[in-house]
Structure formats: C-alpha cells, structure tokens
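Survey of secondary and tertiary structure
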Amino acid sequence: MDTTYNVKIWAIRVYRDKQKTSYSVRWALDGREWRAPFDTKALADAFRSELVSATRRGEAFSLTTGRPVSHQSGARAVSWYDFAVQFADFQWHHTAGNSRKNTAKALMSATIALLRTPPTAFKPVDVRTALREFAFNTRRREEAPPEVATILKWVERNTLSMAAWEDPAKVDEVLHALGSKLDGTRAAASSVKRNRRILNVAMEHAVKHRILRANPLPKGRGSVPKTSNAIDKRSLLNPEQAGRLLVWVRRRPRGGKRLHPFFATMYYAGPRPEEVVAMDVTDVRLPREEAEDQWCELLFHTAQPEVWKNWTDDGEIHEERGLKGRAADDTRVVPGHPSLTRILREHIKAENLKPGDLLFQGEKGEMLAGSVIRRAWRSARAKVLTPEEFASPLGKRVYDLRHTCLTRWPNDGVPPAQVAEWAGNSVPVLLAIYARCVSGQLGDLKRRMEAGEDLPEGSA
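Residues numbered from 1 in each chain as written. Predicted model: local features only at pLDDT ≥ 70, side-chain atom pairs only at ≥ 80, totals over all residues. Heavy atoms only, no water.

**Details of the sheet that holds strand S7 (residues 284-285)**
- Ordered in space as S7-S8-S9, the three strands form an open sheet in which the pairing is antiparallel. Two strands lie at the open edges of the sheet, namely S7 and strand S9 (332-336), each paired on one side alone.
- Here strand S8 (residues 296-300) runs beside S9; their pairing, made up of five bridges, is antiparallel. Within the sheet, the bridge partner assigned to leucine 298 lies in S9 and is valine 334. (Pairing = 2+ DSSP bridges. Helix = DSSP H or I, 4+ residues; strand = E, 2+ residues; numbered from the N terminus.)

**Thoughts on the environment of threonine 138**
- You can see threonine 138 is positioned in the loop between helix H4 (124-135) and helix H5 (146-157).
- Sequence separation between threonine 138 and cysteine 405 is 267 residues; the distance between their C-alpha atoms is 39 Å.
- Once you skip the residues sitting within four places of it in the chain, threonine 138 turns out to touch Ala88, Asp89 and Trp92.
- A polar side-chain atom of threonine 138 sits 2.6 Å from a polar atom in the side chain of aspartate 89. (Contact = heavy atoms within 4.5 Å. Polar contact = N/O pair within 3.5 Å; in protein donor to acceptor, adjacent residues only side chain to side chain.)

**Side note on helix H14 (residues 400-411)**
- Here H14 contains twelve residues, and its C-alpha end-to-end distance of 16 Å stays within 8% of the 16 Å for a straight helix at 1.5 Å per residue.
- Counting buried residues in H14 gives ten out of twelve residues, a clear majority hidden from the surface.
- Taken together, the buried positions of H14 are Asp400, Leu401, Arg402, His403, Thr404, Cys405, Leu406, Thr407, Trp409 and Pro410.
- In this fold, the buried residues of H14 make contact with helix H9 (256-269), S9, helix H12 (370-384), helix H15 (416-423) and helix H16 (427-434). (Expected span 1.5 Å × (residues − 1). Buried < 20%, exposed > 50% of the residue type's maximum accessible area, 1.4 Å probe, protein only.)

**Some details on the packing of aromatic side chains**
- For the structure shown, the criterion picks out 13 aromatic pairs.
- Taken together, a centroid distance of 5.1 Å and an interplanar angle of 45° make the contact between phenylalanine 263 and tryptophan 377 tilted. Within this pair, whereas phenylalanine 263 is found in helix H9, its partner tryptophan 377 is found in helix H12, the two being separated by 114 residues in sequence.
- Among the aromatic residues, those joined into a ring-pair cluster are Trp80, Phe83, Phe87 and Trp165.
- The side chain of arginine 100 reaches across the aromatic face of tryptophan 92, ending 4.1 Å from its centre.
- Between the NZ or CZ atom of arginine 408 and the centre of the ring of tyrosine 267, over which it lies, the distance is 4.5 Å. (Phe/Tyr/Trp six-rings, centres within 6.5 Å; stacked < 30°, edge-to-face > 60°. Lys NZ or Arg CZ within 6 Å of the ring centre and 35° of its normal.)

**Notes on the state of the cysteines**
- Taken as a whole and judged by the stated rule, the model has zero disulfides.
- Of all cysteine sulfurs in the structure, the one in cysteine 405 sits closest to cysteine 296, which takes part in no disulfide; the separation is 12 Å.
- Residue cysteine 405 is classed as buried on the basis of its relative accessible area of 0%. (Disulfide = S-S within 2.5 Å.)

See the structure below:
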C-alpha cells in the first residue's frame, strides 16, 4: 500500500538568512515529514490550501511523492525500464555511435539503481552487460541470446515505475549511483557530468511526453564535481622528445614506415586522429619539388571515428561523419610545415599511392585501426622515454600530439582566431583549453606595458 489518509499539516514556517527569506509548507504522512519551500508567502499559502482541501475531500496521499494522488502524473503507469528502452531507441536515431554507447552506459547505471531487489539470481556483471549491450542497443536487442533475454525479462519485472523519479530521496540515490564506480569509489568528474547530462535529456523527454510533470534533475541538484577543459602541461612534448618518438616509430619493423607519417601529420598540423585516418591522397596538396615555398596544404572534410561495430548502423567499426562542430559538408584547410611536406611526399612515393587511395592504410590496404595506432605509440613511449617520463602524462595519448601542435602555434605568435580555424575549434574553446600553455611572451608584453603612458611625476 503506497497511499495513506493519515495526514497532518502544520503552519507555514519562515526561514530568514542574509540572502533571502523562504516559506516552507510542512506536513506529515504516517509520521514522515515532508517539506515544500517557496519564495513568497502567497505561494506557500496557496500550496498549503491545496493540501488542506485534499484532506477535506478525503483524498489519499502518496507515500512516494508526498502529494495528493490528484497531483500525480502518469508516471505510475510507466515502467522505468520500458521508458529507458524507448528513450534509447529515440536517441539512437538522433545521435552518433559514441553518444549511443554513452547513453546506454548511463541508462544501465540508472536501471541498476531503480531495481526493486538486487539481482541475486544473476551475476551483477552479467546484468550490466545485458542492459548495456542489448537492452539499450536498438540494433542488437532482438539478437540477445536466451540467457541475456532471461536477465532482461527479470529486469523488466523488477524495475520501479517512473513515479520513483517523483521521490526526491530516490532521485538522490540514483544520482549517487551515477557518481560511483562498482567498487564504491567516486567516478571521474567527466563521467559524472556526462551521465547527469544524458539523464537530464531523458527527463526532459519524459516531461515532453507527459510521463512526468517536471524534470526532477534541475541544474544544481546534488554535488557535481567540477571539471577543467584546460590541458595538462605535463602531457605536452618538446621538439626533442617528439623527434625521438617519431624516429623510433619510423624504424619500427612492423608498419613503422606507414605509421611515421601519420604521427608526423598530427604533430605538424594538429588534426584529430579520426580526421587523419579519413584522408585520401587528393587531400594533400604538395608543392613542386623545385618550388622555393615547400609548405603544403592539408584538406580535412571527413572524420572516421572508431566506435566499434555494435554501435554503428551498418556494423562497421568506423562511422563516417562530417567535421566536429561544423556543417555536414564543411571543410578545413591547414598549412603543412616543409618537414611534413617532405615526409608525406616520400610516403606517397614509397607506398605507390594513387589519387583516391587512403593516405594512411593498414597492412591490407584497409583503414588504419585505432588499436594499431595506440599500440605503436605506447611501444614508442616505452622504448624512448625514461621510466619517470613513461609513468608521467607526457605524450601519454596519441591525442597529445594534437595538443602539442595547438599549443605551439600560439607560442609562435599565430593569432588565436587563425589557430582556431586550423584546429576546427571556436576561439573561446581554444582559449579555454590552451591559454594556460601560452608562454615565452611575457618579456615582450612587459616592454609593451612599460611603453604605455605612466602617471605624472610625483603622483606615484
């Protein structure tokens, strides 16, 4: 029984502090106290009158929401599991592969927190896998093997209704689960924020379809760890370190000569890895060998992020997309240093590449796999760097080659607007990420400030 007629309503309580005055309506259901704060006394009076009127009508109160049953939405008639599956399907047709995967992870964590009883008949890891890889995967749901289907049927029977989101205590419990890892420790701040963002979209979807009256996850609810977009200076490579790493990659017996120009392109031109793997030979505009100006141009117009086959529409590992944050058919032209011109010219000749061929290929001519790229870079760091450097963030990710390039350009005096254009970022994003790493210009700035007008003599 989740309703009661045992209701006691108290007088409005006034709370005053230095910031503002608030008015709280307080009432009790079967001895459990509920509160609803308001900014004005008139609003508090109106709400209290509604509660009093409900008791006079002999209306039951919900023990889940604390409100009269007439205040309830249609949430009780909808299972959270059914809603989550429907929301996953809706998002599938509007998002890319990595977003689909992140949505499934967030819904999985929320579903575990919204089970009536723990899954004692199944291993917790099997329940999580069934939810993440099948229940919230539109393309694979019908392919679930019998043992997975059994788990999902149990979850469907044992999931709370959407009315759970109208219980503040339950909402806090779900948010705690989203912010914790399996061992109970706090999850990474970026993961917490991403999961909260996904659930906020889900709640807005529920409000739009009149399942919930209001979004139970307003901004500011709960403790969300702060994150910084600024890069870690320790991850940046100096020219000597980058040179040694690229030389080792070039001498690598297996695939080194093909991977060396890939890493060099990231170091000199700063593209994203998914943009580099999508390049073909015609995307490189090389000057004539006898030309005095040996700067080349790189054209970026497509990205091929590695998503994994379970999350793409066609079952392929890579998903073809336009450039990040740009219109579908937008392009970006980036100048290539003369050293990169020489490397790419030699690479095209050595591989006997023709127009239309992928510029960087795997061993069998296929698109270069992310696992191959990461393995080669990890091996280079292990062989070239000292043990202390290897254990540090120095060049730990392939993406740090892009970070190094986009830090070097501002330090060389390239205007932020131009760097942002070459990088495929907005100027605010560029400054938020890289401004802390701009160095070597303090002396010039001091001279400029000293050259400005000083106060009249005797006034300072």
